[in-house]
Amino acid sequence: MRKIFFLLGLFIAALPALAADSPIVVLNTQRLIYHSPDCKWAHRCTRNCIKTTLDKAVEYGARPCKVCGGSQN
Ligand SMILES: [Zn+2]
């Protein structure tokens, strides 16, 4: 049952933001770390990463990347 809520959370996090005042980040759904879109680690992350907003990444419990700080803003 927990797995279903986990997947639902991912689905919600992957929804494009209607109010786009939150910066776009690349969220690693396996490690729960978010990156700035131009972070080299964001570019390397292809399998477990989704593009979402900073707000949703934080809401989802993700932490910022230590290399890029999570967002350029
Ligand atoms: Zn990063």
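In what follows, the structure referred to is the one given above.
The present account deals with the structure reproduced in this document. (Residues numbered from 1 in each chain as written. Predicted model: local features only at pLDDT ≥ 70, side-chain atom pairs only at ≥ 80, totals over all residues. Heavy atoms only, no water.)

Our focus in this paragraph is the overall build of the protein chain. Along the backbone of the protein chain there are three helices and four strands. Written out in order from the N terminus, the α and β elements of the protein chain read α-β-β-α-β-α-β. In the protein chain, buried positions account for 34% of the 73 residues. The contacts of the protein chain with a sequence gap of at least 6 include a subset with a gap of at least 24, amounting to 67%. Accessible surface for the protein chain amounts to roughly 5,300 Å². Of this, 59% is attributable to carbon and sulfur atoms. (Helix = DSSP H or I, 4+ residues; strand = E, 2+ residues; numbered from the N terminus. Buried < 20%, exposed > 50% of the residue type's maximum accessible area, 1.4 Å probe, protein only. Contact = heavy atoms within 4.5 Å. Areas by Shrake-Rupley, 256 points an atom, 1.4 Å probe, with all protein chains shown as cover.)

Tallied over the entire structure, the rule returns zero aromatic pairs. The positively charged end of Arg-44 is found above the aromatic ring belonging to Trp-41, 4.8 Å away from the centroid. (Phe/Tyr/Trp six-rings, centres within 6.5 Å; stacked < 30°, edge-to-face > 60°. Lys NZ or Arg CZ within 6 Å of the ring centre and 35° of its normal.)

Let us look at the coordination of the zinc ion. Within the protein, His-35 (ND1), Cys-39 (SG), Cys-65 (SG) and Cys-68 (SG) serve as the donor atoms for the zinc ion, at 2.1 to 2.4 Å. Here the zinc ion binds four donor atoms, and the angle range of 94 to 132 degrees at the metal identifies the geometry as tetrahedral. Along the chain, the residues that donate to the zinc ion are spaced as H-x3-C-x25-C-x2-C. Placement of His-35 in strand S2 (residues 33-35) and of Cys-68 in the segment after strand S4 (63-64) is noted, with a sequence separation of 33 residues between them. Using a relative accessible area of 7% as the deciding quantity, one classes His-35 as buried. Overall, Cys-68 belongs to the partly exposed group, its relative accessible area being 22%. (Donors = N, O, S within 2.8 Å, 3.2 Å for Na, K, Ca; no water. Tetrahedral: all angles 85-135°; square planar, octahedral: opposite > 155°, others 65-115°.)

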